[in-house]
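Descriptive structure summary
Here is how the chains run, residue by residue.
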Amino acid sequence: MPAMSDADGAARARAVAEFGAALRLLRVEAGLSLRALAHRIGVSSAYLSRVEHGHDAIPTPDRLTAIAGALELPPAVLLELGHQVEPLVSRYLERVPSAKALCAELARRNLSGPQLARVKAFIDAEFPASAALGGAPARRLSGLLTPERVVLQLSCADIEDVIDVAASRLAPPGGALAASALAQEILRRELESPTALGNGVAVPHAIVPGASQAAVLATLAQPLAVPTPGGAPLRLFVVLVCGEGGRAHLELLAQAARLASLGAADALCAARDPAQLIDQLSQIEAGCG
């Protein structure tokens, strides 16, 4: 086996750190302590802490599936975040050899991302994942956005500036919750537990009883050099507000984390107008589930 290069080693270390940050975000939002989650999946809290801090390797597919069950999330979410989809696919192909022919046809046709998204849309319509997961699929981030809630090339000095701008777009005019109060709540949550993930993505958010799910997506004119799990400066913010916690809220956070894991920040930050960004995000989400 060839030796791992310095670049490969650095990339793997970043992936491990970024997965740990995403796992911690989901665990905290699920209301589980390290000890509680560790007990549910049969590991030590010390081991789980090392995973969350990027000191231990990303867990195996079986363990990721167990973690997803404890968090009440679809296993595919954590498998994708942990870059462990290939083992899942390999096992499926071993169980269902005829699926190899379909994979070969997809490869032979060299389908593009948007074309694969159309194939996946057909599969979702014919064979809904919700039937296997016991619930309705989570609303996609792209479905929460409108052009008014997309801010491109925002110039700001710190995260607080980003949150202030996002809150002004999220608070409904004449609503019971003023933009300033919403900004304070999002900032309080962010200071309590930072939401910086990988590839320059952060997901500041708040749970506000009675509020509807809503999102603002902002790209920055100049990245913010703040501490992040993978070391990349922040350049893309997904700011969320939900009326309550639970599975729908966790799945939205997981979708935002997958944008970091997929390296989608490059494509989204390159968008020239809000409509293009929403379309780009929709294609990304259709491709990854």
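What counts and how
- Residues numbered from 1 in each chain as written.
- Predicted model: local features only at pLDDT ≥ 70, side-chain atom pairs only at ≥ 80, totals over all residues.
- Heavy atoms only, no water.
- Core = buried A, V, L, I, M, F, W, Y, C linked by side-chain atoms within 4.5 Å.
- Buried < 20%, exposed > 50% of the residue type's maximum accessible area, 1.4 Å probe, protein only.
- Helix = DSSP H or I, 4+ residues; strand = E, 2+ residues; numbered from the N terminus.
- Contact = heavy atoms within 4.5 Å.
- Salt bridge = Lys/Arg side-chain N within 4 Å of Asp/Glu carboxyl O.
- Expected span 1.5 Å × (residues − 1).
- Arc of directions from axis to C-beta.
- Pairing = 2+ DSSP bridges.

The subject of this paragraph is the nonpolar core. With 56 residues, the main nonpolar core has Leu26 and Leu240 as its most contacted residues. The element contributing the most residues to this core is helix α13 (residues 247-262), with eight residues. Dropping the residues within four chain positions of it, Leu26 is found in contact with Leu71, Leu73, Leu78, Leu81, Leu250, Leu253 and Ala254. By size, the runner-up hydrophobic cluster in this structure holds 27 residues, among which are Val151, Ala183, Ala196 and Val216.

In this fold, Arg63 is placed in helix α4 (residues 61-71). Taking the C-alpha atoms as reference points, Arg63 and Gly42, separated by 21 residues in sequence, lie 9.3 Å from one another. Those residues in contact with Arg63 that lie beyond four places of it in its chain are Val43 and Tyr47.

For the rest of this paragraph, the subject is the pattern of salt bridges. Applying the stated criterion to the full structure yields 10 salt bridges. For Arg27, the salt bridge goes to Glu52, with nearest N and O atoms at 2.6 Å. Of the two residues, Arg27 sits in helix α1 (residues 6-29) while Glu52 sits in helix α3 (residues 45-52), which places them 25 residues apart along the sequence. A relative accessible area of 5% means that Glu52 is categorised as buried. Put simply, Glu80 and Arg258 hold a salt bridge, and the shortest N to O gap is 2.6 Å. Here Glu80, found in helix α5 (residues 75-81), pairs with Arg258, found in helix α13; they are 178 residues apart in sequence, far enough to count as distant. Accessibility expressed as a relative area gives 7% for Arg258, which makes it buried.

The end-to-end C-alpha separation of helix α12 (residues 179-192) is 20 Å, in line with the 20 Å expected for 14 residues at 1.5 Å each. Considered for burial, the residues of α12 that qualify are Leu182, Ala183, Ile186, Leu187, Arg189 and Glu190. Summarising the axial view, the buried residues of α12 lie within an arc of 160°, below the 170-degree limit, and thus occupy one face. Within α12, the exposed residues directed more than 90 degrees away from the buried face are Gln184, Leu191 and Glu192.

Attention now moves to the pairing of strand β4 (residues 214-224). Successive residues of a regular strand alternate their side chains across the two faces of the sheet. Of all 11 residues making up β4, eight are buried, and the element is well covered by its neighbours. Across three bridges, strand β1 (residues 150-154) lies against β4 in parallel orientation. By the bridge assignment, Val151 is partnered in β4 with Ala218. Judged from the seven bridges that link them, β4 and strand β5 (residues 234-242) form a sheet pairing that is antiparallel. The partner of Thr219 across the bridge, within β5, is Leu236.

On to the environment of Leu197. Tracing the backbone through its elements, the reader meets Leu197 in the loop between α12 and β2 (201-202). Owing to a relative accessible area of 3%, Leu197 belongs among the buried residues under this scheme. Placed 174 residues apart in sequence, Leu197 and Leu23 show a C-alpha to C-alpha distance of 10.0 Å. If we skip the residues at most four places from it in the chain, Leu197 touches Ala21, Ala22, Leu25, Ala202, Val203, Thr228, Pro229, Ala257 and Ala260.

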